[in-house]
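Coordinate inspection notes
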Amino acid sequence: MKTSNVFVLILVLLYIDGSTEWPTHTVCKEDNLEIHYKSCDPQQDFAFSIDRCSDVTTHTFNIRAAMVLRHSIKELYVKVDLIINGKTVLSYSEALCEPGHSKLIFCGKKKGEHLYYEGPVTLGIKEIPQGDYTVSAKLTNEDHVTVACADFTVKNYLDYY
């Protein structure tokens, strides 16, 4: 009887370890705009939401994001790719936290601390591109270790005119 219990436990642990894909989360879904995200970090998911889907079109909107840090943040870099039909058509990268130059309030947070942000975000673009596409965002620290990673799927059929 004990052997069968150990065997079942091993199978359960192998299944849990083998299923490293996180669920797809809905950020917002309205008539002409849908945004979903999925963590692309096999070791950690995170929480992300916006107040209203329609606010995304206003250039600045409120978000909430939360996670537990698996790595400290002395330096933090972001890389964002716009992917259409499986091809990267635009890339953007920026240093968010550097020694003596921090753009974010959570620069300097340590491993194990909770990271929570609630407040406004400005996209830096006047309109969200129309169509179906993916925005891949990856945050890495000074050791080039992934702090957070997500693929956002956007379906935008809003008429801006």
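Residues numbered from 1 in each chain as written. Predicted model: local features only at pLDDT ≥ 70, side-chain atom pairs only at ≥ 80, totals over all residues. Heavy atoms only, no water.

For the protein, the name recorded in an unreviewed UniProt entry is Lymphocyte antigen 86, with Limosa lapponica baueri as its organism.

Considering the layout of surface pockets
When its volume is computed, the largest pocket comes out at roughly 1600 Å³. Looking at the lining of the largest pocket element by element, the count peaks at 6 residues for strand β10 (residues 146–156). Each residue belonging to the lining of the largest pocket can be placed in one class, and the counts come to 40 nonpolar, 3 polar and 3 charged. (1 Å grid on protein atoms, 1.4 Å probe; cavity = no way out; pocket = protein on both sides within 12 Å on 5 of 7 lines; lining within 4 Å. Points joined across faces, edges and corners; volume = space filled by probe spheres on them. Helix = DSSP H or I, 4+ residues; strand = E, 2+ residues; numbered from the N terminus. Nonpolar A, V, L, I, M, F, W, Y, C, P; charged D, E, K, R; others polar.)

As for the state of the cysteines
Across all of its chains, the model carries 3 disulfides by this definition. Note on cysteine connectivity: C40 is disulfide-linked to C149, with sulfurs 1.8 Å apart. Taking the torsion about the sulfur-sulfur bond, which here is approximately -85°, the covalent link between C40 and C149 counts as left-handed. Taken together, the residues C40 in the loop between β2 (33–39) and β3 (47–50) and C149 in strand β10 connect sequence positions 109 residues apart. Judged by relative accessible area, C40 falls into the partly exposed class, the value being 31%. A sulfur-sulfur separation of 1.9 Å characterises the disulfide bridge that pairs C97 with C107. In this structure the cystine formed by C97 and C107 twists about its S-S bond by roughly -75°; its chirality is therefore left-handed. Linking C97 in strand β6 (residues 87–98) with C107 in the loop between β7 (101–102) and β8 (114–122), this pair joins segments that are 10 residues apart in sequence. (Disulfide = S-S within 2.5 Å. Buried < 20%, exposed > 50% of the residue type's maximum accessible area, 1.4 Å probe, protein only.)

Overview of the side chain of D81
Looking at the element boundaries, D81 is found in strand β5 (residues 76–84). There is a polar contact of 3.2 Å between the side chain of D81 and the side chain of K79. At 2.5 Å, the side chain of D81 forms a polar contact with the side chain of S91. Beyond its immediate sequence surroundings of up to four residues, D81 is in contact with T88, L90, S91, T134, V135 and S136. (Polar contact = N/O pair within 3.5 Å; in protein donor to acceptor, adjacent residues only side chain to side chain. Contact = heavy atoms within 4.5 Å.)

So, the pairing of strand β9 (residues 131–141)
One ladder, built from 8 bridges, connects β5 with β9; its direction is antiparallel. Within β9, the residue paired with V80 across the bridge is A137. Two elements, β9 and β10, share 10 bridges in a ladder whose sense is antiparallel. Bridging from a neighbouring strand, T140 pairs with T146 of β10. The hairpin turn running from β9 into β10, its antiparallel successor, is 4 residues long, and H144 in that turn takes a positive phi close to 65°. (Pairing = 2+ DSSP bridges.)

With respect to the nonpolar core
Side chains of a nonpolar character, in soluble globular proteins, are inclined to be buried together. In terms of nonpolar packing, the biggest core is built from 30 residues, with L33, I35, I50, V56, I73 and L76 touching the most fellow members. The set of elements that each furnish at least two residues to this core consists of β1 (25–29), β2, β4 (60–68), β5, β6 and β10. Among the elements that take part in this core, β10 stands out by supplying 5 residues, more than any other. If we ignore the near neighbours within four places in the chain, the residues touching I35 are H25, T26, V27, C28, V56, F152, T153 and V154. (Core = buried A, V, L, I, M, F, W, Y, C linked by side-chain atoms within 4.5 Å.)

Here we look at the pattern of salt bridges
Going through the model one piece at a time under the given rule, you end up with 4 salt bridges. Between R70 and D41 there is a salt bridge whose closest N-O contact spans 2.5 Å. Separated by 29 residues along the polypeptide, R70 in the loop between β4 and β5 and D41 in the loop between β2 and β3 bring together distant segments of the chain. Taking the relative accessible area as the measure of exposure, D41 reaches 5% and is therefore buried. One salt bridge connects D81 with K79, and the closest N-O pair in it is separated by 3.2 Å. (Salt bridge = Lys/Arg side-chain N within 4 Å of Asp/Glu carboxyl O.)

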